[in-house]
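Reading the structure
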Amino acid sequence: MTQTPLKGWNHSPDVPLEVSPLFRWPPQPMQILGWFWNSWFLISERLIIVAVALISWTWFQPPLEAMAQVSPGPVLAMLARNLILMSVVAGGLHLWFYTFTKQGQRLKYDPRPLMKNGRQFTLGGQIRDNMFWTLASGVTIWTAYEVLLLWAMANGYAPMLTWAAHPVWFVALFFLIPIWESFYFYWIHRLLHVPFLYKHVHALHHRNINVGPWSGLSMHPVEHVIFLGSVLIHFVVAAHPIHILFHLQYYALTAATTHTGFEGMVVKDKNRLKLGTFHHQMHHRYFECNYGSLEIPWDRLFGSFHDGTQDADARIKARRQRMQGR
């Protein structure tokens, strides 16, 4: 049942927000199928990134045997590709929503503009600061993880999955990687809110109270190492190189899309592509809530879930006061 949304937002989706049906008991097969369909098919960011990974692997990735020895040529080619990908996605979204204001304030969560100046920003302004940390640190560490995993696969240090031997698992892994990402992200995010790590590491990301596309991967280098370390699971779980590309592209590029600040892209008066999540937008404003995502109900289980309602807002405020008291 839809409830009254919070005040102070330009736009909010129907509330209360609901977590995915994947972990409800008893199981609800039709709801689970519907959730997968809505998350993946027709036009979705996940399906787009699968296509980007396929294109990257086919035309813009050095062959696996070239990765057996780390040399400047292949590494610089991968770095250039990733810089272009991030610039096209984050830069394109910024141009659409903030430079050309193609849809004005429609579906924009926070009514305030991005900050042009501020002493808290490394380069004096939010967008310049975000671009610097995203491109100089984020894309570099993203590429380093790709090089590491592909080098390990080429030399037999990481298990290799092939379509011919395991076609069902090959396809299933694309669906499972985002679920693993949700599991992993919650726990590392809670770790980053431990006071010492928050002050010295995570606070850089939280300079962005009102977020834009360049905010998603704007992090301290230590946080980039932790955040993108999700891909290290493939030292245990077999994968194909295309899964490595998808895993890191999904993690890095959806950081830009989910921080867009808009619920979606409006074309011909309809939301054609779902983007920013109100769930995470509230985390940037209220800080101590919604550490995870809606795929896995960790926040609901541990009392940090803000569902966008006024009742939840009162609970989160009381929780924050208790934490500050400690």
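Fair warning: this is a prediction, and the values are worked out from it, not measured in the lab.

1. With respect to the pattern of salt bridges
A side chain of one charge can pair with a side chain of the opposite charge if their charged atoms are brought near each other. Overall, the coordinates contain seven salt bridges when judged by the stated rule. The residue Arg46 makes a salt bridge to Glu295 at a minimum N-O spacing of 2.6 Å. Of the two residues, Arg46 is situated in helix H2 (residues 45-59) and Glu295 in the loop between helix H9 (278-286) and helix H10 (298-301); the sequence distance between them amounts to 249 residues. A salt bridge links Lys317 to Asp313; its shortest N-O distance comes to 3.4 Å. Placement of the pair is Lys317 and Asp313 together in helix H11 (residues 310-325), with a separation of four residues, close to one helical turn. When salt bridges that share partners are traced, they join Asp110, Arg112 and Arg285 into one network.

2. Observations concerning the side chain of Glu295
Residue Glu295 is classed as buried on the basis of its relative accessible area of 12%. Among the polar contacts made by the side chain of Glu295, one reaches the side chain of Ser293 at a distance of 2.9 Å. Excluding residues that lie within four positions of it along the chain, Glu295 makes contacts with Ser20, Leu22, Phe23, Trp35, Arg46 and Ser182.

3. Let's talk about the pairing of strand E2 (residues 270-274)
Looking at chain direction, strand E1 (residues 264-267) and E2 are connected through four bridges and run antiparallel. Bridging from a neighbouring strand, Met265 pairs with Leu273 of E2. If you look at the hairpin formed by E1 and E2, you'll find two residues sitting between the two strands, and Lys268 has a positive phi there, around 55 degrees.

4. Quick look at empty space enclosed by the protein
Within this structure, the stated rule accounts for one cavity of 30 Å³ or more. If you trace the largest cavity, you find it lined by His94, Leu114, Gln126, Ile127, Asn130, Gly212, Trp214 and Ser215. With three residues, the single largest contributor to the lining of the largest cavity is helix H4 (residues 126-154). A per-class count over the lining of the largest cavity returns three nonpolar, five polar and no charged.

5. A few points about unusual backbone geometry
The amide bond that connects Val15 to the next residue, Pro16, takes the cis arrangement and shows omega of 10 degrees. Following the sequence through the fold, Pro16 ends up in the segment before helix H1 (29-40). Its identity is not glycine, yet Lys268 carries a phi of approximately 55 degrees, on the positive side. Assignment of secondary structure puts Lys268 in the loop between E1 and E2. Since its relative accessible area comes to 75%, Lys268 is described here as exposed. Even without being a glycine, Asp269 presents a positive backbone phi close to 65 degrees. Note on placement: Asp269 falls in the loop between E1 and E2. Taking relative accessible area as the criterion, Asp269 reaches 64% and is therefore assigned exposed.

6. Focus: the packing of aromatic side chains
Per the counting criterion, the structure on display carries 23 aromatic pairs. Linked through ring pairs, Trp180, Phe183, Tyr184, Tyr186, Trp187, Tyr291, Trp298 and Phe302 together constitute an aromatic cluster.

7. Details of the packing of helix H5 (residues 167-192) against helix H8 (residues 241-258)
In the contact formed by H5 and H8, the axes pass within 10 Å of each other and the chain directions differ by 35 degrees. Crossing of H5 over H8 shows right-handed handedness. Contact with H5, carried on its side by Phe170, Leu173, Phe174, Ile177, Pro178, Trp180, Glu181, Tyr184 and Phe185, involves Ile242, His243, Phe246, His247, Tyr250 and Tyr251 of H8 and no other residues of that element. Of the residues that constitute the contact of H5 with H8, the class distribution is twelve nonpolar, two polar and one charged.

8. Concerning the side chain of His94
Considering the arrangement of structural elements, one finds His94 in helix H3 (residues 72-99). Given the relative accessible area of 12%, His94 is considered buried. If we skip the residues at most four places from it in the chain, His94 touches Thr99, Leu114, Ile127, Pro213 and Trp214.

9. Here we look at H5
End to end, H5 covers 37 Å across 26 residues, agreeing with the expected 38 Å (1.5 Å per residue, within 8%). A maximum bend of about 35 degrees is found in H5 at Phe174, where proline Pro178 lies one to four positions downstream.

Cut-offs applied
The residue count restarts for each chain, going from 1 along the sequence in the order it is written. In keeping with the predicted nature of the model, local features appear solely for residues at pLDDT of at least 70, side-chain atom pairs appear and are counted solely at 80 or more, and the whole-chain, interface and lining totals rest on all residues. Side-chain measures were taken over the full set of non-hydrogen atoms in the model, leaving aside hydrogen atoms and water. Salt bridges, as used here, are contacts in which a Lys or Arg side-chain nitrogen is within 4 Å of a carboxyl oxygen on Asp or Glu. Numbering of helices and strands starts at the N terminus; helices are DSSP runs of H or I of at least 4 residues and strands are runs of E of at least 2. When a residue's accessible area, from a 1.4 Å probe over protein chains only, is under 20% of the maximum for its type it is buried; when over 50% it is exposed; and in between it is partly exposed. In protein, a polar contact requires one atom able to donate a hydrogen and another able to accept it; more generally it is a pair of N or O atoms within 3.5 Å, and residues adjacent in sequence count only if both atoms are side-chain atoms. We call two residues in contact when some of their heavy atoms are within 4.5 Å. Two strands pair if DSSP finds at least two bridges between them. Only protein atoms enter the calculation, which uses a 1 Å grid: trapped sets of points that fit a 1.4 Å probe without letting it out are cavities, open sets showing protein on both sides within 12 Å along at least five of seven lines are pockets, and any residue with an atom within 4 Å of a point is a lining residue. Grid points are joined across faces, edges and corners, and a volume is the space filled by probe spheres set on the points. All amino acids are sorted into three groups, where Ala, Val, Leu, Ile, Met, Phe, Trp, Tyr, Cys and Pro are nonpolar, Asp, Glu, Lys and Arg are charged, and the leftover types, Gly among them, are polar. For Phe, Tyr and Trp, where Trp contributes only its six-membered ring, two rings pair if their centres lie within 6.5 Å, and the inter-plane angle classes them as stacked under 30 degrees, edge-to-face over 60, or tilted in between. Every angle, taken between N-to-C directions, lies between 0 and 180 degrees, and every axis is a line fitted to C-alpha atoms, over only the stretch in contact when it is a helix. For any pair of crossing helices, the crossing counts as left-handed if the nearer helix is rotated counterclockwise from the farther one by less than a right angle, and right-handed if it is rotated clockwise. Expected span, for any helix, means 1.5 Å times one less than how many residues it has. At any given residue, the bend is defined as the angle formed between two axes, one fitted to the seven residues that end at that position and one fitted to the seven that begin there.

It is worth stressing that arrangement in space is one thing and function is another; only the former is reported here.
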